[in-house]
Amino acid sequence: MHLIITDAWLAKSRAVYLSGTKLVLAGFVAALALMLVAAGMYHWVFLKGAREGWPVIGSLVKLMVKDEFEQRDRFMRENLDVMAKRLGEMQAKMMQLEALGERVSGLAGVNPNDIKTMPGRGGALVTGRSLTMEELQATLADLDKLTNQRVDLMTVMESRLFDQKIRKMMVPTQQPVAGGVLGSAFGWRIDPLNGRSALHTGLDFPAEPGTPILAAAGGVVVTQEYHSAYGNMVEVDHGNQLVTRYAHASRVWVKKGDLIKRGQKIADVGTTGRSTGPHLHFEVLVQGVLQDPQKFLTAGQKLPGPGVATASAPATQLPRPK
């Protein structure tokens with residue numbers, strides 16, 4: 001009997017518990033439905049009031065739209081001010097670039113008058129309105145056009161300077177013997193072997209046997225041979241019909257056709273050929289005409305080019321060694 005009563009009481013408790021759970025779920029669903037209905041009604045009333053111009057709803061909509069527009073306008077103004085500041089910095093740098101280009105143009109052989117610089121500007125700062133997007137875009141377009149012009153000009157000047165550098169590297173201004181002391185200059189002298197007056201066709205640099213002989217300029221080896229008068233001889237063509245000759249070497253380190261650089265070791269000092277002692281005999285020829293090599297060696301950076309040396313050089317023709 002006691003067991004029957006207990007089982008009945010448990011069954012009743014479960015029924016009551018299940019009914020309470022369902023009740024909570026039903027209440028939650030009802031609240032959610034009520035919230036959705038309220039949100040829909042609010043949205044419908046708000047849209048209807050905004051469309052039909054209800055006083056309260058219309059004022060609220062205007063305030064919200066005005067606040068949104070003000071935020072967008074403030075954001076755009078701040079960004080435009082930042083962009084305008086950057087634009088001013090770019091214009092200042094462009095003016096510095098133009099000034100630099102004007103100075104460099106003289107070195108490149110470009111007429112400075114061809115560079116149209118912007119006129120000077122200045123004055124007291126009076127703060128005005130911010131730039132509009134159209135004004136900013138127009139200024140950026142002008143700056144882009146000016147930048148392209150400066151790039152083209154700098155490209156031309158770079159080409160001119162590179163060409164000048166190449167020409168300078170092809171002019172024999174490098175001492176052929178490092179620290180060498182001039183022993184015999186170019187011109188007429190008493191020949192050391194027969195005692196008669198004779199033309200010395202180059203410069204003599206006395207040095208110890210084995211002292212490196214350096215290329216006076218970059219070029220191509222056109223001759224590497226033994227000659228009865230010059231001994232072991234090397235000739236280097238530097239272009240523009242300019243040739244240097246190195247004679248009496250004890251040993252030669254280059255061969256015909258080699259491309260050499262300024263200051264490169266091409267041979268060793270010796271006393272081969274018609275010589276009284278170890279030294280380098282150095283010659284310079286332009287269009288086959290003997291030049292005084294000392295003019296090239298002392299000219300250095302100020303040498304305008306081989307054409308000037310040709311005009312002022314003595315017209316002494318040197319036959320090709322046989």
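Residues numbered from 1 in each chain as written. Predicted model: local features only at pLDDT ≥ 70, side-chain atom pairs only at ≥ 80, totals over all residues. Heavy atoms only, no water.

## Some details on the overall build of the protein
So, point 1. Broken down by element type, the protein carries 5 helices and 11 strands.
So, point 2. Considering the protein as a whole, with its 322 residues, one finds that 29% of them fall into the buried category.
So, point 3. If you take every contact in the protein between residues at least 6 apart in sequence, the share linking residues at least 24 apart comes to 64%.
So, point 4. Of the roughly 21,400 Å² that the protein leaves accessible, carbon and sulfur atoms contribute 62%. (Helix = DSSP H or I, 4+ residues; strand = E, 2+ residues; numbered from the N terminus. Buried < 20%, exposed > 50% of the residue type's maximum accessible area, 1.4 Å probe, protein only. Contact = heavy atoms within 4.5 Å. Areas by Shrake-Rupley, 256 points an atom, 1.4 Å probe, with all protein chains shown as cover.)

## A word on the packing of aromatic side chains
So, point 1. In this structure the tally under the stated criterion is 1 aromatic pair.
So, point 2. With centroids separated by 5.4 Å and ring planes inclined at 45°, the aromatic side chains of Tyr246 and Phe282 adopt a geometry described as tilted. Residue Tyr246 is located in strand S7 (residues 242-252), and its partner Phe282 is located in strand S10 (residues 279-286); the two are separated by 36 residues in the primary sequence.
So, point 3. Using a relative accessible area of 1% as the deciding quantity, one classes Tyr246 as buried.
So, point 4. The ring of Tyr230 has Arg245 lying over it, and the distance from NZ or CZ to the ring centre is 5.1 Å. (Phe/Tyr/Trp six-rings, centres within 6.5 Å; stacked < 30°, edge-to-face > 60°. Lys NZ or Arg CZ within 6 Å of the ring centre and 35° of its normal.)

## Section: the nonpolar core
So, point 1. Ile213, Val234, Tyr246, Ile266 and Phe282 are the most contacted members of the largest nonpolar core, which totals 29 residues.
So, point 2. At the level of secondary structure, the elements contributing two or more residues to this core comprise strand S3 (203-206), strand S6 (231-237), S7, strand S9 (265-269), S10 and helix H4 (293-299).
So, point 3. Looking at this core element by element, the count peaks at 5 residues for S10.
So, point 4. Leu87, Met94, Leu136 and Leu143 belong to the second-largest nonpolar core, a separate cluster that totals 5 residues. (Core = buried A, V, L, I, M, F, W, Y, C linked by side-chain atoms within 4.5 Å.)

## Topic: the pairing of S10
So, point 1. For S10, a buried count of 8 out of 8 residues is recorded, marking the element as mostly surrounded by other parts of the structure.
So, point 2. Both faces of S10 are covered, namely the face carrying His279, His281, Glu283 and Leu285 and the face carrying Leu280, Phe282, Val284 and Val286.
So, point 3. Pairing of S3 with S10 involves 4 bridges; the strand directions are antiparallel. Bridging from a neighbouring strand, Pro206 pairs with His279 of S10.
So, point 4. Sheet analysis places S7 next to S10, joined by 6 bridges and oriented antiparallel. Counted as the bridge partner of Arg245 is Glu283 from S10.
So, point 5. Pairing between S10 and strand S11 (residues 289-291): 3 bridges, direction antiparallel. Within the sheet, the bridge partner assigned to Leu285 lies in S11 and is Leu290.
So, point 6. Hairpin geometry of S10 and S11 is characterised by an intervening segment of 2 residues between the two adjacent antiparallel strands and by a positive phi of about 55° at Gln287. (Pairing = 2+ DSSP bridges.)

## Details of the environment of Pro278
So, point 1. Relative to the helices and strands, Pro278 is located in the loop between S9 and S10.
So, point 2. Put simply, Pro278 and Phe205 are 73 residues apart on the chain and 8.8 Å apart in space, counted from C-alpha to C-alpha.
So, point 3. Every residue in contact with Pro278, bar those within four places of it in the chain, is listed here: Pro206, Ala207, Pro209, Val269, Gly270 and Thr271.

## Re a nonpolar patch on the surface
So, point 1. Taken together, the side chains of Phe28, Val29, Leu32 and Leu36 make up a nonpolar region of the molecular surface, amounting to roughly 430 Å² of accessible area.
So, point 2. Relative to the helices and strands, Val29 resides in helix H1 (residues 2-52). (Patch = residues over 30% accessible without salt bridge, like charges linked within 9 Å, V, L, I, M, F, W, Y side chains within 5 Å. Salt bridge = Lys/Arg side-chain N within 4 Å of Asp/Glu carboxyl O.)

## Focus on unusual backbone geometry
So, point 1. A positive phi is found at Asn240, a non-glycine position, where the angle reads about 55°.
So, point 2. Along the chain, Asn240 falls in the loop between S6 and S7.

## Topic: the side chain of His281
So, point 1. Structurally, His281 can be placed in strand S10.
So, point 2. Looking at His281, the relative accessible area reads 6%, which means it is buried.
So, point 3. A distance of 3.5 Å separates the side chain of His281 from the side chain of Thr201, its partner in a polar contact.
So, point 4. Ignoring anything within four residues of it in the chain, the contact list for His281 reads His200, Thr201, Gly202, Leu203, Asp204, Tyr230, Arg245, Tyr246, Ala247 and His248. (Polar contact = N/O pair within 3.5 Å; in protein donor to acceptor, adjacent residues only side chain to side chain.)

## Here we look at the pattern of salt bridges
Side chains carrying opposite charge are able to pair once their charged atoms draw close together.
So, point 1. Applying the stated criterion across every chain yields a total of 6 salt bridges.
So, point 2. Two residues, Glu283 and Arg245, come together in a salt bridge whose shortest N-O distance is 2.8 Å. With Glu283 in strand S10 and Arg245 in strand S7, this residue pair connects regions lying 38 residues apart in the sequence. Each member of the pair Glu283 and Arg245 is classed as buried.
So, point 3. With its nearest N and O atoms 3.2 Å apart, the salt bridge here joins Lys255 to Asp258.
So, point 4. For Asp258, a relative accessible area of 21% translates into the label partly exposed.
So, point 5. Residues participating in the shared-partner salt-bridge network are Glu235, Arg245 and Glu283.

## Details of the confidence of the model for the protein
So, point 1. Per-residue pLDDT for the protein has a mean of 74; in total, 61% of the residues score no lower than 70.
So, point 2. Every residue in residues 303-322 is under pLDDT 50, and counting partners more than four places away or in other chains gives 43 contacts. (pLDDT = per-residue confidence, 0-100.)

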